[in-house]
Every structure is written in structure tokens, then in C-alpha cells.
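Per-entry structural report
Listed here are the chains, written in short residue letters.
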Amino acid sequence: MSNHFFLLLHTTCGHYFLYIPLPSLDSTMLKTLVIESSHREKIENLSFLDLPLILRFRICMVLFTTINKASWISTFSSNFNLLSLVSLFIMASAVSADPLRIGRVVGDVVDFVCPSNVKMNVIYNSKKHVYNGHELFPSSVSIKPKVAVLGGDMRSFFTLIMTDPDVPGPSDPYLKEHLHWMVTDIPGTTNASFGREVVSYEIPRPNIGIHRFVFLLFKQTRRQTVMSIPMMRDGFSTRRFADENDLGSPVAAVFFNCQRETAARRR
């Protein structure tokens, strides 16, 4: 059996190739790390901060153990030093502030949002930008928003989904998800009006509690590949739809909160 373990980390601070002698590692910890890594496709191409939090913690544990016990660590970074490594792992072990995870969009609606240079901009009434976790009143989202695809090119195509995972209420969403809007074949660098609207926009009308309304942007493999169009709005599953149409994980996502608007709040 090899007496060392190589770990390649692509991080926001550079690319580190670490040599870790096995005697300095806890064998159970290493086994868990390797097993979890094997379940992530192309994990070596992800930013370190995009890895699941539990995996980041375990990598930190392995490497802090190594720093304490290993005789040496080699690297391809010419200006590598111990301080930069320690700073990196302090940053990496911090609790993720990803609003999509905090808002449980990742988990309740999709498993993962792919790191991508494609962004999505959602604007209601030409002035109300949608930001993760912000609240919008039903009266302000009654008209279909403008959704711009920032990135890609005219040869790439995208599918837009707007869904509510909290129907009829967030405490017991037994009808989830409710599909509010779907547009396919949106060319990159354009907006949803250039695509094919296959499910018309339905105004959010939450009755029970605070609902999340989620916009998800998927990259298609080519034009006109989305063939399985949902027949009903209730009981929609973003995961199932993406699987059936070979869309993979979304490349961009954003959500807003909305609740029933009283007469006093409208004034």
C-alpha cells in the first residue's frame, strides 16, 4: 500500500498540490474523506468553497493533523507558506453563507447549483430586483418579470423555471411544488422573452405562511431538447423534470419570499 496521500485543491487562493504522509492521518478520517470525494463528479474542478460543508470540515481536520505531525508538505506554489495554508483552512471551515442553502432552496428544490459564469437577473416592474431571501408583496409581482441571462452566447440555450416549494403552506407542503412559469430555448445573453413559453406565468397568491418563489436557470445541451412538458402545476418536481430532460443541475438560481398581503400592508 502507498505510504502517502495526494490531495489537489483548487482554491480561491491558488492551486495547492499537497503531499500527506499516511502515518500522520487517522485511517477512519481518511477513508471517509475518500469515500465522500468519490461521489462527486469532477470534484477536482470545483472551488474548495463550493464543496459540501461537511467535506470541507473533514479536509481541514486531515490537513490540520498533517500540519501538526507531518515532516514536510510539498507544493507547486512557489510562494507557499504555512501561514497561507492556515488562513485558507480557517476560511474554508467557516460556515457557508450561501443564501440558497440557508433558504433551503438547495435541499428542498435541487441538490446543487453548479458554479458557473452564467448569471440571471430577475426584475419586476422595471425596478424591483429579486434578491435571495428578500420579501416582495403579491401586488408587486402580478406582472411577469423580465429575466435576463447574463453569460453564454447565442448558440447556448437555457430553460427557466419558477416554482413554489411551499404549497399550500410551508409547515405542510403536501402539494409541492407548484409550477408558476416555464420558458425553454432562451438564447444566452438575451432574456426570457426570446425563449419559448411552455407554461404561462401564474401570479403568486400565497394563502398560508411565507412562501419561497424560486427562479432556476438550466443550461440545455442544445435547442429544442426539452420535450417533457408538465401537464399540471401542482405536484411538480424540479429534480424529476431536470432528469427527464437531461438538464443536470441549475447554473443559476434566485428566490424571494412572499406572503398574503393584507389591506393594511397595501396602503
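Here is a short report on the structure shown in this document. (Residues numbered from 1 in each chain as written. Predicted model: local features only at pLDDT ≥ 70, side-chain atom pairs only at ≥ 80, totals over all residues. Heavy atoms only, no water.)

1. Brief notes about the overall build of the protein
Looking only at helices and strands, the protein has seven helices and ten strands in total. Long-range contacts, defined here as pairs at least 24 residues apart, represent 71% of the contacts in the protein between residues at least 6 apart. As presented, the protein carries roughly 14,500 Å² of accessible surface, and 55% of it is formed by carbon and sulfur atoms. (Helix = DSSP H or I, 4+ residues; strand = E, 2+ residues; numbered from the N terminus. Contact = heavy atoms within 4.5 Å. Areas by Shrake-Rupley, 256 points an atom, 1.4 Å probe, with all protein chains shown as cover.)

2. With respect to the packing of aromatic side chains
Taken as a whole and assessed by the stated rule, the structure comprises six aromatic pairs. Taking 6.3 Å as the distance between ring centres and 35° as the angle between the ring planes, the aromatic pair formed by Phe215 and Phe256 counts as tilted. Remark: Phe256 occurs in strand β10 (residues 252-258) and Phe215 occurs in strand β9 (residues 211-219); sequence separation between them is 41 residues. Of the two residues, Phe215 and Phe256, both sit in the buried class. Here a set of aromatic residues connected by ring pairs shows up, and it is made of Tyr124, Phe213, Phe215 and Phe256. (Phe/Tyr/Trp six-rings, centres within 6.5 Å; stacked < 30°, edge-to-face > 60°. Buried < 20%, exposed > 50% of the residue type's maximum accessible area, 1.4 Å probe, protein only.)

3. Some points on the side chain of Gln220
Along the polypeptide, Gln220 turns up in the loop between β9 and α6 (238-244). Here Asp185 takes part through its side chain, which lies 2.9 Å from a polar atom of the side chain of Gln220. For Gln220, the residues in contact, after removing those within four places along its chain, are Phe157, Phe158, Thr159, Thr184, Asp185, Thr225, Val226 and Leu247. (Polar contact = N/O pair within 3.5 Å; in protein donor to acceptor, adjacent residues only side chain to side chain.)

4. Focus: the pattern of salt bridges
Throughout the structure, instances matching the rule amount to nine salt bridges. The salt bridge partner of Arg196 is Asp185, with a shortest N-O separation of 3.6 Å. With a gap of eleven residues between them, Arg196 in strand β8 (residues 196-199) and Asp185 in strand β7 (residues 178-187) connect regions that are remote in the sequence. For Arg196, a relative accessible area of 38% translates into the label partly exposed. The residue Arg233 makes a salt bridge to Glu202 at a minimum N-O spacing of 3.3 Å. (Salt bridge = Lys/Arg side-chain N within 4 Å of Asp/Glu carboxyl O.)

5. Side note on the side chain of Ser140
Relative to the assigned elements, Ser140 resides in the loop between β4 (128-129) and β5 (146-150). Given the relative accessible area of 9%, Ser140 is considered buried. Within the local environment of Ser140, its side chain forms a polar contact with the backbone oxygen of Phe137, the two atoms lying 2.7 Å apart. Apart from residues lying up to four places away in sequence, Ser140 is in contact with Tyr124, Asn125 and Lys128.

6. Things to note about the sheet that holds strand β3 (residues 119-124)
Taken together, three strands build an open sheet; the order of strands is β4-β3-β5 and the sheet is antiparallel. Looking at strand neighbours, the two that pair on one side only are β4 and β5, the edges of this open sheet. (Pairing = 2+ DSSP bridges.)

7. Some details on the nonpolar core
Met120, Tyr124, Leu160, Trp181, Phe215, Leu217 and Phe256 are the most contacted members of the largest nonpolar core, which has 25 residues in total. Elements supplying a minimum of two residues to this core: β3, β5, β6 (157-164), β7, β9 and β10. With four residues, the single largest contributor to this core is β10. In this structure, Phe215 is in contact with Met120, Val122, Tyr124, Pro145, Leu160, Ile161, Met162, Trp181, Ala252, Ala253, Val254 and Phe256, ignoring residues within four places of it in sequence. Grouped together as the second largest cluster of nonpolar side chains are 20 residues, Leu100, Ile161, Met182 and Val226 included. (Core = buried A, V, L, I, M, F, W, Y, C linked by side-chain atoms within 4.5 Å.)

8. Quick look at the environment of Tyr124
Summarising the element assignment, Tyr124 is placed in strand β3. The class of Tyr124 is buried, set by a relative accessible area of 0%. Spatially, the C-alpha atoms of Tyr124 and Val141 are 6.3 Å apart, while their sequence positions differ by 17 residues.

Purely spatial values, then, with no claim about function.
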